[in-house]
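The chain contents come next:
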Amino acid sequence: MIFAQWGGVVFRHRRLVLGFSMLLFVVSVLGLLNAGKLRSPRTTPLEAGRASDLVDSELQRPTDTAGSHFSLVVDGRGRKVDDPAFQAALADALAPLRADTRVTGVQAAGDLPPDAARLLVSKDGTKTIVSVALRDSAEDAQPYYEALRAEVHSADLDITATSSLAIQHDFDAYLARDLSRAEYVSLPLSLLLLLFVFGAVVSALLPVGVGVLTIAGAVGGVLFLAHFTDVNQYALNVVTLIGLGVSIDYSLFVVSRFREELAAGLDVEAALRRTMATAGRAVTFSGLTVAIGLSGLLFYTGTFFTSLGLAGAISVAVAVVYGLTFLPATLAMLGPRVDRLRIPLPRGGDGPGFWHRLATGVMRRPVLVLLPTVGFILLAGLPFQQIRLANGDITLLPLSAESRRGTEIIRRDFPGQDQNTVTVVLNWPDGRPLSPDHVGAAYDLSRRIAAMPNVLGVDSVVDADPKLSRADYQRLYADPVAAPPALARAAAVGVGPHIVLISAHTKLLDTGDEARNLVRDIRAIKVPGAEVLVTGFTAFDIDFIKYVLDRTPLAVAYIMVVTYLVLLLLLGSVVLPIKAVVMNLLSLSASFGALVWIFQQGHLSGLLGFEPASIDPSVPILLFCIVFGLSMDYEVLLLSRMKEEFERTGDNRGAVAQGLERSGRLVSGAAAIMVAVFSAFALADVVLIKSIGLGMAIAVAIDATIVRALIVPATMRLLGNLNWWAPAPITRLYHRLGLAEAPAPERLPD
């Protein structure tokens, strides 16, 4: 009854409610204008992260606390680096940077001793690396990096920028481009689909308007949130992806139900009350299920998942608020004019329609339908068993990205740059890392690591001079002030108050199984009185995947249990929520299988423009948390309509057929819009966004067709009246809380 009463309030105070919606929009704009900076979490609860924090805290370097840098790869187009013409062209290209006050230093091969300079020259001698140091941190330098990069150009040299500052700039630029492209593609496509669904321009424009308001509100909220917590740069893409899809879907449900009630003879107020009691109620519960799914991301504390979960929840909340305020208030003001500017489209005739006939046909032979459809979905999910997880790196960027090209040139053409470094942090809690006993332990650990398979070499304070023995290092470090220059330099960069660094070099692929085994073998070494920690890309890769896998069972269980409870409140049945959860798992299994088949095994890679690679662990987690809730959109709408019919007639088969008849076309239209929105993100250049968008599009397509149109009516036919069963105490509580559907009002006479 609550939602019906809200419909009456909106009708009577429609201008006030509309004014509130506009005030919310103004607040959103203020959030956009007062935006915080997007950044990933600075700490993660990982061993590799703890080791990295120890290094940062104990080995304070000027570049760690202030300033940043980027690198330039300079290609002489066949000329050698020591060619005077090359050097003259390089000096001209670098002159603007040397004169820029934001640049604190430009270091080229000619500025270094011969041994160090050789590392900055390519194997064939035609390329060199130039390091550009900036006065500001990477965060503060990002706004002007592009202008600095534009200062460097040459008619005689090919210059490519890379390193972390350039890579971050490219990620931001491509993400922004992906976001704009998705909006430009999805909004017009959604409008076309809405015109087909409604057959009237005014009705079609309303959901698109709500979608635009939702995106503005959600983006404003997320950017304002960035003032108080770390928010990952992917958050804006997630907000648009989810917010646009759910807001248009929810508006579609509400507008369709309002038009249906008007067509049945109700006046505007009664139609709006009935719309809120049914579609408004379904939208609210649907929003809850999506928010529950997204809240599962909060279990991964200390990672960027948390900010994505908060961002997604904000977008869903804004969509529901506009769906219950702006939209019904606008409908109250439009009334029958909601059908203005009709488009002549073919409509079905009288009698049972396609969806009624489909449901009846399925329920006639439910087992015959269930076996092949469930078998197909399980078969589609089989590739997921072969999933290989690995953290994404620069390969998430397209091949056209400058920073990626620069990184690949360095790895391919410069000596030693194709190596993977495993950093070992030997932590002595009692301090005194250069005491004789501790130096001896570090020496033993270094030699043990150096002897491991695939280790090319080791750098540390006890590897500064290969001619020195264990006893020599212990004796010389006993008085660090009097130590030889080579040892003093090594201690200055590799020893802190409690730690000693040991760097192991290998040519193993940083996300490969052999590199992971090397890290695990090093971590297995025990040093009495010390803690052996390992960091570096491979260590982060291992730790992050383990962290995700350890927390996923709890997150999944939480999502399923809480979703079950919300559906129990919506439907008053203990059976249907279980069926809904199982249906969602079926949809997800097929989309996960497709994800591995496409992005890991490489099918369709040429068509979609990406390189096959292991799946980033964030992709299946995000897909599960987002899609599990989104799939409930259709389940809530479908089951709510079936429940209406069952309560009216008491006929299970008739309720299923009539519910599918009244909502099937709507579910198909809503799913088509969702698929259009998500497919627009599948056009992204950043592979992570591309895989999430395509995975969600596949999941929704399967969910709205095979699952909802075939498997749902078949299972409901087999369960019979058991679908609607609940113990008497739950039924009494359900009605006492006023959660039951309001009975349909009497139709006005024709």
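1. Quick word on empty space enclosed by the protein
Gaps between atoms show up when a probe of the same size as a water molecule is rolled over them. In this structure the tally under the stated criterion is 2 cavities of 30 Å³ or more. Here the largest cavity is characterised by a volume of approximately 70 Å³. Together, Tyr 234, Asn 237, Val 238, Leu 241, Leu 308, Leu 622, Ile 626, Phe 681, Leu 688, Ile 689 and Ile 692 line the largest cavity. Considered class by class, the residues forming the lining of the largest cavity number 10 nonpolar, 1 polar and no charged. In terms of lining residues, the second largest cavity is bounded by Trp 355, Leu 638, Leu 660, Gly 664, Val 667, Ser 668, Ala 704, Arg 708 and Ala 709. Taken together, the elements giving at least two residues each to the lining of the second largest cavity come down to helix 25 (652-682) and helix 26 (687-719). In terms of residue count, the dominant contributor to the lining of the second largest cavity is helix 25 (4 residues).

2. What to know about the pattern of salt bridges
Evaluated as defined, the whole model comprises 31 salt bridges. Of the charged contacts in the structure, one is a salt bridge between Asp 339 and Arg 342, with a shortest N-O distance of 3.5 Å. We note a salt bridge from Arg 516 to Asp 513, for which the minimum N-O separation is 3.9 Å. You can see Arg 516 and its partner Asp 513 sitting in helix 20 (residues 513-523), 3 residues apart, about one turn around the helix. The class for Asp 513 is partly exposed, based on a relative accessible area of 47%. One continuous salt-bridge network, built from bridges that share partners, spans Asp 124, Lys 127, Arg 412 and Asp 413.

3. Concerning the packing of helix 24 (residues 618-649) against helix 26
Helix 26 packs onto helix 24 with a crossing angle of 35° between their chain directions and a minimal axis gap of 9 Å. The way helix 24 lies across helix 26 gives a crossing that is right-handed. In the contact of helix 24 with helix 26, the residues fall into 17 nonpolar, 4 polar and 3 charged.

4. Some remarks on the packing of helix 21 (residues 537-571) against helix 22 (residues 576-600)
Look at helix 21 against helix 22: their axes get within 8 Å of each other, and the N-to-C directions meet at 135°. When the interaxial angle is binned, helix 21 and helix 22 end up oblique. The hand of the helix 21/helix 22 crossing is right-handed. When helix 21 is examined against helix 22, the residues Met 560, Tyr 564, Leu 567, Leu 568 and Leu 571 are found in contact with a partner set consisting of Leu 576, Pro 577, Ile 578, Ala 580, Val 581 and Leu 585. Class assignment for the residues of the contact of helix 21 with helix 22 results in 11 nonpolar, no polar and no charged.

5. Re unusual backbone geometry
Positioned with a positive phi, Ser 163 is a non-glycine residue whose angle comes to about 90°. Mapped onto the elements, Ser 163 comes out in the loop between strand 4 (158-162) and helix 8 (164-198). What makes Ser 163 buried here is its relative accessible area of 13%. Unusually for a residue other than glycine, Leu 604 sits at a positive phi of about 70°. If you trace the backbone, Leu 604 turns up in the loop between helix 22 and helix 23 (605-608).

6. Focus on the sheet that holds strand 1 (residues 68-75)
Read from one edge to the other, the open sheet built from 4 strands follows the order 2-3-1-4, with strand pairing classed as antiparallel. Across the chains shown, the open sheet's two edge strands, defined by having one partner strand only, are strand 2 (103-107) and strand 4. Averaged over neighbouring strand pairs, the angle between their axes works out to 20° when direction is ignored. Note that strand 1 and strand 4 share 5 bridges and pair antiparallel.

7. Topic: the confidence of the model for the chain
Put simply, the chain has an average pLDDT of 85, and 95% of its residues get 70 or more. Note that pLDDT drops below 50 for residues 61-65; the model gives that stretch 3 contacts with residues more than four away or on any other chain. pLDDT under 50 marks residues 742-750. Its contacts with residues more than four places away, or in other chains, come to 15 contacts.

8. Some thoughts on the packing of aromatic side chains
On inspection of all chains with the given rule, the structure shows 11 aromatic pairs. Between Phe 305 and Phe 544, the ring centres sit 6.1 Å apart and the planes meet at 25°, which makes this aromatic pair stacked. With a gap of 239 residues between them, Phe 305 in helix 12 (residues 304-324) and Phe 544 in helix 21 connect regions that are remote in the sequence. On the basis of relative accessible area, Phe 305 is assigned to the buried category, the value being 0%. Of note, Arg 14 hangs over the ring of Phe 11, and the distance from its end group to the ring centre comes to 4.6 Å. The residue whose ring lies beneath Arg 447 is Tyr 443, and the NZ or CZ to ring-centre distance is 3.8 Å.

9. Let's talk about the sheet that holds strand 8 (residues 531-535)
Judged by pairing direction, the sheet is antiparallel, and its 4 strands sit side by side in the order 6-7-5-8 without closing on themselves. Looking at the sheet topology across the chains shown, the edges are occupied by strand 6 (457-460) and strand 8. Between one strand axis and the next, the sheet turns by 25° as a mean value, whatever way the strands run. With 8 bridges connecting them, strand 5 (residues 420-427) and strand 7 (residues 499-506) associate as antiparallel partners. The residue of strand 7 that forms the bridge with Thr 421 is His 505. Against the sheet, helix 20 touches strand 5, strand 7 and strand 8, its axis set at about 15° to strand 5.

Definitions and cut-offs
Residues numbered from 1 in each chain as written. Predicted model: local features only at pLDDT ≥ 70, side-chain atom pairs only at ≥ 80, totals over all residues. Heavy atoms only, no water. 1 Å grid on protein atoms, 1.4 Å probe; cavity = no way out; pocket = protein on both sides within 12 Å on 5 of 7 lines; lining within 4 Å. Points joined across faces, edges and corners; volume = space filled by probe spheres on them. Nonpolar A, V, L, I, M, F, W, Y, C, P; charged D, E, K, R; others polar. Helix = DSSP H or I, 4+ residues; strand = E, 2+ residues; numbered from the N terminus. Salt bridge = Lys/Arg side-chain N within 4 Å of Asp/Glu carboxyl O. Buried < 20%, exposed > 50% of the residue type's maximum accessible area, 1.4 Å probe, protein only. Axes fitted to C-alpha atoms, helices over the stretch in contact; angles between N-to-C directions. Left-handed = near helix turned anticlockwise from the far one by under 90°. Parallel < 35°, antiparallel > 145°, perpendicular 65-115°, else oblique. Contact = heavy atoms within 4.5 Å. Pairing = 2+ DSSP bridges. pLDDT = per-residue confidence, 0-100. Phe/Tyr/Trp six-rings, centres within 6.5 Å; stacked < 30°, edge-to-face > 60°. Lys NZ or Arg CZ within 6 Å of the ring centre and 35° of its normal.

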